[in-house]
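Below, each chain spelled out in residue letters.
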Amino acid sequence: MAKAGTKDRFSTATRLRLLGEQTAERVYRSQTKRQARRSRLTGRAALLALVLCSLVVALAYPMRQYVSQRAEIDDLRRQQAEHRADVEKLRDEKARWQDDAYAQQRIRDRLHYVMPGETGFTVIDPAAAKSRRADQGAVARPWYSNVWHGIDKADRAGD
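Residues numbered from 1 in each chain as written. Predicted model: local features only at pLDDT ≥ 70, side-chain atom pairs only at ≥ 80, totals over all residues. Heavy atoms only, no water.

1. Focus on the overall build of the protein
Step number 1: A tally of regular secondary structure across the protein gives 5 helices and 0 strands.
Step number 2: Listing the helices and strands of the protein from first to last along the sequence gives α-α-α-α-α.
Step number 3: Residues counted as buried form 2% of the 159 residues belonging to the protein. (Helix = DSSP H or I, 4+ residues; strand = E, 2+ residues; numbered from the N terminus. Buried < 20%, exposed > 50% of the residue type's maximum accessible area, 1.4 Å probe, protein only.)

Okay, structure coming up:
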């Protein structure tokens, strides 16, 4: 029997069977190790993903508010600079109106005043004078013709 066990031990079929069992055992062990590693890694990754998602959700609204407030602040600063420039222009104009010569010149230009001894005159545009003469014929027409004529005239002016 000792010889039979030794013979059995070294037979090809026995060797292949032992080799197959050892290989199957190694594969099984490596798969369980991989599964153990994967399950730990997946759990950690899921936790990390959950924490990151929570942070993103928690910070999204405050960040949006911060950005919109910064944009509003920039807009208000721009408006403030524009208003300051307007105030400066108005101060300059007020200072000019304090000067009597400037005020007198502006009054003469706007109201067509003339100083004693000067001769004032007004230049009339010839085209405007012709159109006024043409409108004098409107008195002889009925009112609805005048309305229609006014609409036609307004349409031509828009072209």
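2. A look at the pattern of salt bridges
Step number 1: Using the criterion set out here, one finds 7 salt bridges in the structure.
Step number 2: With a closest N to O distance of 2.7 Å, Arg-78 and Glu-82 form a salt bridge. Of this pair, Arg-78 and Glu-82 both sit in helix H2 (residues 12–98), 4 residues apart, which is roughly one turn of that helix.
Step number 3: According to the relative accessible area criterion, Arg-78 is partly exposed, its value standing at 42%. (Salt bridge = Lys/Arg side-chain N within 4 Å of Asp/Glu carboxyl O.)

3. A closer look at the UniProt feature "coiled-coil region" (unreviewed entry) in the protein
Step number 1: According to UniProt, the feature "coiled-coil region" (unreviewed entry) maps to residues 66–100 in the numbering used here.
Step number 2: Across residues 66–100, the secondary structure splits into 97% helix and 0% strand, with the terminal C-alpha atoms separated by 53 Å. (UniProt positions renumbered as here; feature names shortened; annotations may be inferred.)

4. A short note on the environment of Ile-107
Step number 1: With respect to the helices and strands, Ile-107 occurs in helix H3 (residues 100–111).
Step number 2: Each residue touching Ile-107, except ones within four places of it in the same chain, is listed here: His-112 and Tyr-113. (Contact = heavy atoms within 4.5 Å.)

5. Description of unusual backbone geometry
What is expected of a backbone is that most residues other than glycine have negative phi and most peptide bonds are trans.
Step number 1: Its identity is not glycine, yet His-112 carries a phi of approximately 60 degrees, on the positive side.
Step number 2: Turning to its location among the elements, His-112 is positioned in the loop between H3 and helix H4 (126–135).
Step number 3: For His-112, a relative accessible area of 68% translates into the label exposed.

6. Side note on the packing of aromatic side chains
The geometry of an aromatic ring pair is captured by two quantities: the separation of the ring centres and the angle between the planes.
Step number 1: Scanning the entire structure with this criterion turns up 2 aromatic pairs.
Step number 2: Between the aromatic rings of Trp-97 and Tyr-102, the centroid separation amounts to 5.5 Å while the plane-to-plane angle is 85 degrees, which identifies the pairing as edge-to-face.
Step number 3: Residue class for Trp-97 comes out partly exposed when judged on its relative accessible area of 30%.
Step number 4: When the ring of Trp-143 is compared with that of Tyr-144, the centres are 5.9 Å apart and the planes differ by 80 degrees; the resulting orientation is edge-to-face. Each member of the pair, Trp-143 together with Tyr-144, is exposed. (Phe/Tyr/Trp six-rings, centres within 6.5 Å; stacked < 30°, edge-to-face > 60°.)

7. Digging into H3
Step number 1: With 12 residues, H3 should reach 16 Å at 1.5 Å per residue; the first-to-last C-alpha distance of 16 Å fits that figure.
Step number 2: At the C-terminal side of H3, His-112 shows a positive phi close to 60 degrees. (Expected span 1.5 Å × (residues − 1).)

8. So, a nonpolar patch on the surface
Step number 1: There is a patch of nonpolar side chains on the surface, built from Leu-47, Leu-48, Leu-50, Val-51, Leu-52, Leu-55, Leu-59, Met-63, Tyr-66 and Val-67 and spanning about 1000 Å² of accessible area.
Step number 2: Mapped onto the elements, Met-63 comes out in helix H2. (Patch = residues over 30% accessible without salt bridge, like charges linked within 9 Å, V, L, I, M, F, W, Y side chains within 5 Å. Areas by Shrake-Rupley, 256 points an atom, 1.4 Å probe, with all protein chains shown as cover.)

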